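Residue strings, one per chain:
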Amino acid sequence: MGVSQVPHNASADQGADGRPTEVTAAGIARLAGVGRAAVSNWRRRHADFPKPVGGTETSPAFALRDIEQWLRDQGKLAEVPLRERVWQQLVGHPAGAAAALRQAGAVLLLAHDRPAAWQQLRGAADDTELTGVLPAMLDSVLAARLGPGHPVRGLTREALAPSAALVRATGELATLDGAPEAYAFLLGRHLDANPRQYTLTPPGPAALMAELAAVAGPLTTVLDPACGAGALLAAARERTADETDGTAVTLHGQESDPDLAALTALRLALGAPAEVRVRAADTLRADAFPELTADAVLVHPPFNERNWGHDELAYDPRWEYGFPARTESELAWVQHALARLREGGTAVVLMPPAAASRRSGRRIRADLLRRGALRAVIALPAGAAPPNGVPLHLWVLRKPGGTTPPTPQLLVVDTAGPAAGPAAGAAGRDRPDWQTVRDTAVEAWRAFDRDGGIEERPGVRRSLAAIDLLDDDVDLAPARHLPPPAAAGGPAALAEVHDRLTETLARTTQLTPRPADTGPARWPLTTVGELARSGALVLRTGGPGTAPAEGPDAPPVLTDHDVIAGGAPSGALPEAPASGPAEEPVLLREGDVVVPVLGGGAIARVVDAATAGAALGRNLTLLRPDPAALDPWFLAGFLRGTANNRQASSYASTATRLDVRRLQLPRLPLAEQRRYGSRFSDLAAFESTLRQATRLGEQLVQGLYDGLTDGSVTPD
């Protein structure tokens, strides 16, 4: 990212009505490269800090010009990053951020497609000349790239008049960063700033859907009838860029929100070469591509809509498999996708899990199965896409006809359970392990599509005869049709678990500690806070931290759940912000002591070699003892005392919070500390072995229940 300073003038800091461009506390923090807490401190401590000019009492807004001057006077801002200045001009634009982003995107497209014309335009003598000739040039390049009827509207001389400074700054940003990168930053910031306004498809499921669609061959014509911000079309373009031997890729998208349709059209046009056709209209009521026969349709439709056009679309020819009930809007989208495919084309639709089993949709599901249109149902882990608490499904469909005969089989895959891969269960608590999900889903679909059937893998995948599903419910949920993995192992697998449990129980016997043989001791005490002040230990708190935008892979995160359960690090760092420096996480070292501060009870964990290098998660406090002064096992052991935790806990709320600085431990010589530390280390090993025995016992018991109930284990 280049750093520059746009020439300071009135039009850059004022809207068309003469009011100053405003910036929030979050924007000030980004300008200065600090956290929001620092901005709050500046307001309290500095009487000359600019006064709010708008906003609300809880979220005030300040004049951008005054804020920049104050930051310079305080030595907190030498130059304004160009990206940040362009962004602040967007959010403070009198026509609104979406309209300003539409203008900026069109300028970036002009600079990208016609650099010579843009360079000539930059030499305009004044703003009036610039905005006078710009509309015609923008109309020309937009028509050439997006075709007639494109959604990027309103780029008139009057609309562009207050945007001269924005136009110049955007052009300079294109020169420094490149037009596609500049627009990706601005659009990403806009979407991040309005999370409740847009439902986005994350990169993981978008890439998976594109790869599933491409199994049958390269995609030259792709449609997303509910394209939103264009994630699925962008993934399809990236997937097919190297597979089409120079054949032009055509991307068709439709979006009911005119502003979002315009922003998505610009995003796709500024990406890799492709013919882009995006239209703004309600797809089910006003299909913009009624004659299209696409190679693939990818769609993440809106869920649980009631007002999707049920009353006015009763006789629509798209309902080839049955007229959807008012509560089955997702099945309307499925049939629209099939209607826009060529024969043999593939559709991949992201669906709520209820659509696989609701009784109101059973007739349509049955007809999709009978005619071989529905080929696979793939269950994704929770957190794959909004709503994140629900494990969504992917429906893979193939339009009957052509060289692809209908198949009487349905593939069901569950990528969410531990049987899908060694990392799936561990990662699922925070975010899905997309490599495991992708490998499980694509491998199964590729084999099934090639052979018409697949080798069963209990708990993960299975090929079912369609006729076996045509009962009163036509329930297509994968979990209902997959045998559990424990039963699949049969007696051999259960015998292995039995042997491991026997060995573990023997180890617990060896590790069982002897009871204490003395009464309570009276030691002089100190606190963690005093030890921190004296330098005997370093105290750090977990979070915030972000994954690096580039370079080495982000470390896993040790969460408070991991510490309480005695598990390996299972969390993940959030993505770094679109602009500004990434926040460095606190990385663990061997010998650190980690303490949960919220509802953990008497818990403290010494970091071992396997956990070292992980990032410290939220609601955790790290104590890094000086080995010349403190033994880590001694420290962790005394921190776990029940009375110690009770006196250091707050009961002011329903969630008990631990004040780590108030935790106490005795003042003992280092040699005596190590003697206690050795005992505490033995206790930790005993506790870990008990946990393992519990897990193995539960696995053995459930495996025996499953084996007895499915016949793979006999009562004898």
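Definitions and cut-offs
Residues numbered from 1 in each chain as written. Predicted model: local features only at pLDDT ≥ 70, side-chain atom pairs only at ≥ 80, totals over all residues. Heavy atoms only, no water. Helix = DSSP H or I, 4+ residues; strand = E, 2+ residues; numbered from the N terminus. Buried < 20%, exposed > 50% of the residue type's maximum accessible area, 1.4 Å probe, protein only. Contact = heavy atoms within 4.5 Å. Axes fitted to C-alpha atoms, helices over the stretch in contact; angles between N-to-C directions. Left-handed = near helix turned anticlockwise from the far one by under 90°. Nonpolar A, V, L, I, M, F, W, Y, C, P; charged D, E, K, R; others polar. Phe/Tyr/Trp six-rings, centres within 6.5 Å; stacked < 30°, edge-to-face > 60°. Lys NZ or Arg CZ within 6 Å of the ring centre and 35° of its normal. Pairing = 2+ DSSP bridges. Core = buried A, V, L, I, M, F, W, Y, C linked by side-chain atoms within 4.5 Å. Parallel < 35°, antiparallel > 145°, perpendicular 65-115°, else oblique. pLDDT = per-residue confidence, 0-100. Salt bridge = Lys/Arg side-chain N within 4 Å of Asp/Glu carboxyl O.

Peer 1: Can you help me understand the side chain of E211 in this one?
Peer 2: As for its placement among the helices and strands, E211 is situated in helix α12 (residues 203–213). For E211, a relative accessible area of 8% gives the class buried. Ignoring any residue separated from it by four or fewer positions in sequence, one finds E211 in contact with R239, R438, V442 and R446.

Peer 1: What should I look at first to understand the packing of helix α5 (residues 82–91) against helix α10 (residues 164–177) in this one?
Peer 2: The description of two helices packed together rests on the angle between their axes and the distance between the axes. Closest axis-to-axis distance for the α5/α10 pair is 10 Å, and the angle between their directions is 145 degrees. In the packing of α5 onto α10, the handedness of the crossing is left-handed. Each of L82, R83, V86, Q89 and L90 in α5 lies in contact with α10, whose residues at this interface are A165, L166, A169, T170, E172, L173, L176 and D177. The residue makeup of the contact of α5 with α10, split by class, is eight nonpolar, two polar and three charged.

Peer 1: So what exactly am I meant to see when it comes to the packing of aromatic side chains here?
Peer 2: The description of an aromatic ring pair rests on the distance of the ring centres and on the angle between the ring planes. Overall, the coordinates contain 10 aromatic pairs when judged by the stated rule. With centroids separated by 5.9 Å and ring planes inclined at 85 degrees, the aromatic side chains of W523 and Y676 adopt a geometry described as edge-to-face. Residue W523 is located in the loop between α21 (490–511) and β13 (525–527), and its partner Y676 is located in helix α26 (residues 670–710); the two are separated by 153 residues in the primary sequence. You can call W523 partly exposed: its relative accessible area is 32%. Its relative accessible area of 24% is what places Y676 among the partly exposed residues. Taken together, the ring pairs connect W523, F634, F638, Y676 and F680 into an aromatic cluster. Between the NZ or CZ atom of R83 and the centre of the ring of F185, over which it lies, the distance is 4.5 Å.

Peer 1: Honestly, the pairing of strand β20 (residues 620–625) in this entry has me stumped. Any pointers?
Peer 2: Put simply, side chains in a regular strand alternate between the two faces of the sheet. Of all six residues in β20, six are buried; the element is thus mostly enclosed. Side-chain alternation along β20 places L620, L622 and R624 on one buried face and T621, L623 and P625 on a second face that is also buried. In this structure, strand β14 (residues 537–541) lies alongside β20, joined through five bridges in antiparallel fashion. Bridged to V538 within β20 is R624.

Peer 1: In this structure, what is going on with the nonpolar core? I would like to understand it.
Peer 2: Note that soluble globular proteins tend to have their nonpolar side chains buried in a common cluster. The biggest cluster of nonpolar side chains holds 94 residues, and the ones touching the most others in it are L142, L212, L298 and L394. Of the residues forming this core, the biggest block, nine residues, is contributed by helix α6 (residues 97–113).

Peer 1: I'm lost on the environment of R462 in this one. Help?
Peer 2: If you trace the backbone, R462 turns up in strand β12 (residues 461–465). Judged by relative accessible area, which is 29%, R462 ranks as partly exposed. Residues R462 and D414, spaced 48 residues apart in sequence, show a C-alpha to C-alpha distance of 9.3 Å.

Peer 1: Is there a simple way to explain the sheet that holds strand β6 (residues 275–280) in this structure?
Peer 2: Remark on secondary structure: sheet strands pair via backbone hydrogen bonds, oriented parallel or antiparallel. Taken in spatial order, the nine strands of this open sheet run β6-β5-β4-β7-β8-β10-β9-β11-β12, and their pairing is mixed. Both edges of this open sheet fall to β6 and β12, since each of them pairs with a single strand only. Here the average twist between neighbouring strands, direction ignored, is 15 degrees. Sheet topology places strand β7 (residues 294–299) next to strand β8 (residues 341–351); five bridges connect them, and they run parallel. Paired with L298 across the bridge in β8 is V348. Where helix α16 (residues 362–370) meets the sheet, its contacts fall on β9 (374–379), β10 (393–398) and β11 (409–414), and the angle it forms with β10 comes to roughly 45 degrees.

Peer 1: Help me out: how do you make sense of the sheet that holds strand β15 (residues 556–558) in this one?
Peer 2: What the three strands build is an open sheet, ordered β16-β15-β19; its pairing is mixed. Edge strands, defined here as strands with exactly one partner in the open sheet, are β16 (571–572) and β19 (615–616). Across two bridges, the pairing between β15 and β16 is antiparallel. Among the inter-strand pairings, V557 is bridged to a residue of β16, identified as G571.

Peer 1: What exactly am I supposed to notice about the pairing of β10 here?
Peer 2: Judged by how many residues are buried, β10 sits mostly within the fold: six of six residues are covered. The side-chain alternation of β10 yields two buried faces, one formed by H393, W395 and L397 and the other by L394, V396 and R398. In the sheet, β8 pairs with β10 via six bridges, with the strands oriented antiparallel. The partner of T346 across the bridge, within β10, is R398.

Peer 1: Whenever I open this one, the environment of G253 confuses me. Can you help?
Peer 2: Among the structural elements, G253 can be located in strand β5 (residues 250–255). Exposure remark for G253: the relative accessible area of 0% places this residue in the buried category.

Peer 1: Explanation requested: the side chain of R102 in the structure shown.
Peer 2: Within the fold, R102 resides in helix α6. Given a relative accessible area of 13%, R102 falls into the buried group. Not counting residues up to four positions away in its chain, the partners in contact with R102 are V152, R153, D259, A262, L263 and L266.

Peer 1: I tried to follow the packing of α12 against helix α13 (residues 231–240) on my own but got confused; where do I start?
Peer 2: The geometry of α12 relative to α13 is characterised by a closest axis approach of 8 Å and an angle of 55 degrees between their N-to-C directions. Taken together, the axes of α12 and α13 lie oblique to each other. For the element pair α12 and α13, the recorded crossing hand is right-handed. Residue-level inspection shows A206, A207, M209, A210 and E211 of α12 in contact with α13, the latter providing A231, L232, A235, A236 and R239. When the residues that make up the contact of α12 with α13 are grouped by side-chain class, the tally is eight nonpolar, no polar and two charged.

Peer 1: Is there a simple way to explain the confidence of the model for the protein in this structure?
Peer 2: Low-pLDDT portions of the prediction should not be read for the details of their coordinates. With 86% of its residues at a pLDDT of at least 70, the protein reaches an overall mean of 84. Per-residue pLDDT stays below 50 along residues 1–18; that stretch engages in 43 contacts with residues further than four places along the chain or on separate chains.

Peer 1: Even after reading the chapter, I still don't get the environment of T24, so can you show me in this structure?
Peer 2: Residue placement: T24 occurs in strand β1 (residues 22–24). Here T24 falls in the partly exposed class, since its relative accessible area comes to 36%. A sequence separation of 40 residues divides T24 from L64, and the C-alpha atoms of the two residues are 8.9 Å apart.

Peer 1: I keep staring at the pattern of salt bridges and nothing clicks. Help me out?
Peer 2: Think of it this way: side chains of opposite charge can pair up when their charged atoms draw near. This model, assessed by the stated rule, comprises 31 salt bridges. Between E328 and R358 there is a salt bridge whose closest N-O contact spans 3.0 Å. Here E328, found in the loop between β7 and α15 (329–339), pairs with R358, found in the loop between β8 and α16; they are 30 residues apart in sequence, far enough to count as distant. Its salt-bridge partner being E530, residue R667 comes within 3.6 Å of it at the nearest N-O pair. Of this pair, R667 sits in the loop between β23 (664–666) and α26 while E530 sits in helix α22 (residues 528–534); the two residues are 137 residues apart in sequence, bridging distant segments of the chain. On the basis of relative accessible area, E530 is assigned to the partly exposed category, the value being 33%. A single network of salt bridges, built from pairs that share partners, joins E211, R239, R438 and D439.

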